[in-house]
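# Secondary and tertiary structure notes
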Amino acid sequence: MSLWKLLQVSSAIRSIARSASYLGKVKYDYDLVVLGGGSAGLACAKEAVDNGARVLCFDYVKPTPVGTKWGLGGTCVNVGCIPKKLMHQASLLGEAVHEAVAYGWNVNDQNIKPDWQKLVKSVQNHIKSVNWVTRVDLRDKKVEYVNSMGAFVDPHTIEYSVKGGPKQQATAEYVVVAVGGRPRYPPILGATEFGITSDDIFSYDREPGRTLVVGAGYVGLECACFLKGLGYDPTVMVRSIVLRGFDRQMSELLEAMMSERGVQFLHTTIPSSVERQGDGRLLVKYRNTTTEKEDSDVFDTVLWAIGRKGLIEDLNLPAAGVETKNDKIVVDSKEATNVPHIFAVGDIIHGRPELSPVAILSGRLLARRLFAGSKQLMDYADVATTVFTPLEYSCVGMSEEMAIQTHGPDNIEVFHGYYKPTEFFIPRKSVRHCYLKAVAEITGDQKILGLHYIGPVAGEVIQGFAAALKSGLTVKTLLNTVGIHPTTAEEFTRLSITKRSGRDPTPASCCS
Amino acid sequence: MQRQLLNTLGRGTRQLIRGQQMRPLSVSAQRREIFKVQSAEDFDKKVKNSQTPVIVDFFATWCNPCKLLTPRIENIVGENAGSIKLAKVDIDEHSELALDYDVGAVPVLVVLQNGKEIKRMVGLQDEDKIRAWVAAAVKESKN
């Protein structure tokens, strides 16, 4: 054989050998397809790429009934945590103007009004800049991104189409469903035509005016509070209790704080219908389920905050055989669905906290398990959280009733106290609801089971304690920690009165 | 030449009357020099295939420094009458195009000649700096 023929044959043999070894690896278009470009999906996608995977990420926002849309980044960035915090800040600043007068500032604090349009524009400008940064980040990290919904055709194949173009398909070794959820609408007359939700309020093109907030979870309470702080007149309609799932005593204290600030509550009431009157305002009919009395009232805006449902309907999950429960996807401790190579993270999971940081960490850990050989599972216990009302409520660990239930009332010691933030004295701000408590085991060094705090910057206060709790914080250590003075966080180190003692938890003064 | 005189006269008169810096009078040639990119094809035709060098102003509607930069660069391009053009690109409308040119933070000014990038400026600058930068771009494009 000539040299040339020899070279040809050997190169042919080599390329056949290469394809044979490839056939084992490259069966799918992608190593990972992520459905959803929110906190969970993006964290998972980026971590996967960092560990060498080929990743395709889908994100798409179906407009709300009134037409609101938004960009890449998910609920947190667009219609959740971020705009909520900004509006919360806006309302706090309104309060601060009044306090400034007491501190000697020559500001005219009479009849100050917010410019709602300007606030919305600033908030939306920030959100859009985050959308862009997210887009650039995906590109820099080499995550392929498609602005489209994806639906299962079979367990390894996703079908999609971009801007109404031709249907395309992508196959993946692993699929992570991270499509999150959207607010529920009640099944009553006028709900979708005349009511809005948290999806709409942060870009609302008109002033909310007199608002009915239906729902007393943290979304409802936070919205009612920033609306109140901005000078509007909110009423909260509560079906049963405020902040279901949270510590009862703290929830009731928070509600009392809101009432003191002028937020109206309609207790044990459910809405029956919403109609638009001739003058454009909304007539809401409702029923008090305790008194069985029917009543009605007129509002400018009706905001539904009655809970969120997972976005399972457009996924065509039956084609992949994935099981769901109550509009959410069921997963095990590895975030795996009943189909071994299909996972779910974030708000779409059934029975887990609907929080961004939970979604982000679990998404990252999942990617590491899939592509970096990690064995670490997500720890969903002792997740700290904050309700951003004007006096904020933050907690980590067990509620008092949960501790009593798991340990028994005789095995629990609750340390508690009211406190007075130094900055509140001069403007004579109400300290009636500034309160904190530590729920601990009664024996030994008294391991702390839960910490609860109502007061300013509650999230900042509790964050460090969450790490301490995770490390096994005891009352002994807590009370031997020297406080930083003057702060409100130091009150945790000054806890001395137990509920069991029956002593008055209201302090006389600070510093001793 | 006559257009330049008209522009200067117009600007001068308006300054006298209103006492503030005004944007130059829009004359038909200017509309060819300063334009907003409508599509990828538009960009190819008017920017990549342009005989004259083009400054591409990548901006976003939600970006406040961009709102300050655009009138400044329009002013300065107007002063250079014909030696350099200005193409404005909304990065939300033309995301792929912006990403292709490595746009991260905005505003970004990119000078393209015969489709190749000569220089770029990231962020808002004061008018003198921009003027000097544009002058340098015009000079480099002639070499």
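What counts and how
- Residues numbered from 1 in each chain as written.
- Chains lettered and ligands numbered in written order.
- Predicted model: local features only at pLDDT ≥ 70, side-chain atom pairs only at ≥ 80, totals over all residues.
- Heavy atoms only, no water.
- Axes fitted to C-alpha atoms, helices over the stretch in contact; angles between N-to-C directions.
- Helix = DSSP H or I, 4+ residues; strand = E, 2+ residues; numbered from the N terminus.
- Left-handed = near helix turned anticlockwise from the far one by under 90°.
- Contact = heavy atoms within 4.5 Å.
- Nonpolar A, V, L, I, M, F, W, Y, C, P; charged D, E, K, R; others polar.
- Salt bridge = Lys/Arg side-chain N within 4 Å of Asp/Glu carboxyl O.
- Buried < 20%, exposed > 50% of the residue type's maximum accessible area, 1.4 Å probe, protein only.
- Polar contact = N/O pair within 3.5 Å; in protein donor to acceptor, adjacent residues only side chain to side chain.
- Phe/Tyr/Trp six-rings, centres within 6.5 Å; stacked < 30°, edge-to-face > 60°.

When two helices pack together, their arrangement is captured by the angle between the axes and the distance separating the axes. All names here are of chain A. Between helix α4 (residues 81-102) and helix α8 (residues 218-229), the shortest axis-to-axis distance is 8 Å and the interhelical angle comes to 35°. The handedness of the crossing between α4 and α8 comes out as left-handed. Packed against α4, whose contacting residues are K84, M87, H88 and S91, the element α8 presents E222, C225, F226 and G229 at the interface. Within the contact of α4 with α8, the residues separate by chemical class into 3 nonpolar, 3 polar and 2 charged.

Attention now moves to the pattern of salt bridges. Side chains that differ in charge, positive against negative, can pair when their charged atoms come close. All names here are of chain A. Inspection of the entire model under this criterion finds 40 salt bridges over all chains. Here K141 makes a salt bridge to D137, at a shortest N to O gap of 3.0 Å. When the shortest N-O distance is used, the salt bridge between E413 and R500 registers 2.8 Å. Of this pair, E413 sits in strand β22 (residues 412-418) while R500 sits in the segment after α13 (475-479), placing them 87 residues apart in sequence. Taking relative accessible area as the criterion, R500 reaches 45% and is therefore assigned partly exposed. Through salt bridges with shared partners, one network takes in E95, E99, R261 and K429.

Taken together, the 11 residues of chain B in the interface contact 7 residues of chain A. The interface formed by chain B and chain A holds 3 salt bridges in total. Measuring nitrogen to oxygen at the nearest pair gives 2.8 Å for the salt bridge that ties R135 of chain A to E96 of chain B. Taken together, the connections running from chain B to chain A amount to 5 residue pairs in polar contact (both at pLDDT 80 or more). Partitioning the side of chain B that touches chain A into residue classes produces 5 nonpolar, 3 polar and 3 charged.

All names here are of chain A. According to the stated counting rule, one finds 12 aromatic pairs over all chains in the structure shown. Judged by centre distance (5.7 Å) and plane angle (90°), the rings of Y174 and F371 are edge-to-face. Of the two residues, Y174 is situated in strand β6 (residues 168-177) and F371 in helix α10 (residues 356-371); the sequence distance between them amounts to 197 residues. Arranged with centres 4.8 Å apart and planes meeting at 55°, the rings of F465 and F492 form a pair that is tilted. Placement of F465 in helix α12 (residues 458-470) and of F492 in the segment after α13 is noted, with a sequence separation of 27 residues between them.

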